[in-house]
Amino acid sequence: MKQPGTRHKARRRAIDLLFEAEAKDVSPAELIAERRELVRTDESVGQIHPYTARVIDGLVADQAQIDAVISSHLKGWTLARLPAVDRAILRLATWELFHATDVDPVVVVDEAVELAKELSTDDSPAFVNGVLQTIADLAPQVRAAQAAGSDRDSH
C-alpha cells in the first residue's frame, strides 16, 4: 500500500476536527484556534496543516450551502441520520469539489472513499462514492460560476 500523502493526512485531520467539533457542539474554527494555542505549549498536539485550516475555514463559511447540496443528493436519508464521520467526509469532499480548484474532482472522490474505508463502516465507501459522484457532476458549473464571480469582484 502506498504511503498517504500530505494532503491525505491534512484531509484526515480535517475529518477528525469536524467530527470532534460536532461531538462537542463547537465550531471547527474554534477547535483549530484552540489547537494552535495548545501547540505552543504542547508539541504532541501537532501543527495544523495549512490545507486542513483552509478546508475547515471554507466549510465553516459555506456550511449551509454545502449541507443543502449534500441533502439534495441523499436518497432515502437525511444528513442528520448519517453517521457523523460520513457527514464530515461528505462535507469535506463537497467543499473540495466546489472550491479546491487545484484538486481534480476524481481525486477528491477517491480520497473521500479512502477516508470512508479507513474511518467508517463497510457500507460507507460505496455510499460516499455514490453521493459524491452525483455532486461531482455539478462541480464544473459551480467552479465556473465562482471564477466568473471572482473575476467580476476583481474589476
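Every value quoted in this text rests on a predicted model; they were computed, and no experiment measured them. (Residues numbered from 1 in each chain as written. Predicted model: local features only at pLDDT ≥ 70, side-chain atom pairs only at ≥ 80, totals over all residues. Heavy atoms only, no water.)

Visitor: Explain the nonpolar core to me, please; I cannot follow it from the model alone.
Guide: Across soluble globular proteins, you tend to see nonpolar side chains buried next to one another. Membership of the largest hydrophobic core comes to 44 residues, with the highest contact counts inside it found for I89, L97, F98, L132 and I135. With nine residues, helix α4 (residues 84-99) is the single largest residue contributor to this core. Apart from the residues within four sequence positions on either side, L132 is in contact with L90, A93, T94, L97, V109 and A112. (Core = buried A, V, L, I, M, F, W, Y, C linked by side-chain atoms within 4.5 Å. Buried < 20%, exposed > 50% of the residue type's maximum accessible area, 1.4 Å probe, protein only. Helix = DSSP H or I, 4+ residues; strand = E, 2+ residues; numbered from the N terminus. Contact = heavy atoms within 4.5 Å.)

Visitor: Before we go on, may I ask you to explain the packing of helix α1 (residues 6-24) against helix α5 (residues 105-119) in this structure?
Guide: A pair of packed helices is captured by two measures, namely the crossing angle of their axes and the spacing between those axes. One can describe the packing of α1 onto α5 by two numbers: an axis separation of 11 Å at closest approach and a directional angle of 60 degrees. When the interaxial angle is binned, α1 and α5 end up oblique. For the element pair α1 and α5, the recorded crossing hand is right-handed. Where α1 abuts α5, its residues H8, R11, R12 and I15 lie against E111, E114, L115, E118 and L119. Residue classes in the contact of α1 with α5 are distributed as three nonpolar, one polar and five charged. (Axes fitted to C-alpha atoms, helices over the stretch in contact; angles between N-to-C directions. Parallel < 35°, antiparallel > 145°, perpendicular 65-115°, else oblique. Left-handed = near helix turned anticlockwise from the far one by under 90°. Nonpolar A, V, L, I, M, F, W, Y, C, P; charged D, E, K, R; others polar.)

Visitor: When you look at the UniProt feature "domain: NusB/RsmB/TIM44" (unreviewed entry) in the chain in this model, what are you seeing that I'm missing?
Guide: Residues given the UniProt feature "domain: NusB/RsmB/TIM44" (unreviewed entry) here are residues 8-136. With 74% helix and 0% strand, the stretch residues 8-136 has end C-alpha atoms that lie 19 Å from each other. (UniProt positions renumbered as here; feature names shortened; annotations may be inferred.)

Visitor: Explanation requested: helix α6 (residues 124-136) in the structure shown.
Guide: The periodicity of an α-helix, 3.6 residues per turn, causes residues three or four places apart in sequence to face the same way. Counted at 1.5 Å a residue, the expected span for α6 with its 13 residues is 18 Å, and the 17 Å between its end C-alpha atoms agrees. Listed as buried for α6 are S124, P125, V128, V131, L132, I135 and A136. What you see down the axis of α6 is that its buried residues fit within an arc of 140 degrees, all on one side. (Expected span 1.5 Å × (residues − 1). Arc of directions from axis to C-beta.)

Visitor: Hey, could you run me through the environment of V107 in this one?
Guide: Counting through the fold element by element, V107 comes out in helix α5. A relative accessible area of 38% means that V107 is categorised as partly exposed. On a C-alpha basis, the gap between V107 and A93 in space is 9.8 Å, while along the polypeptide they are 14 residues apart.

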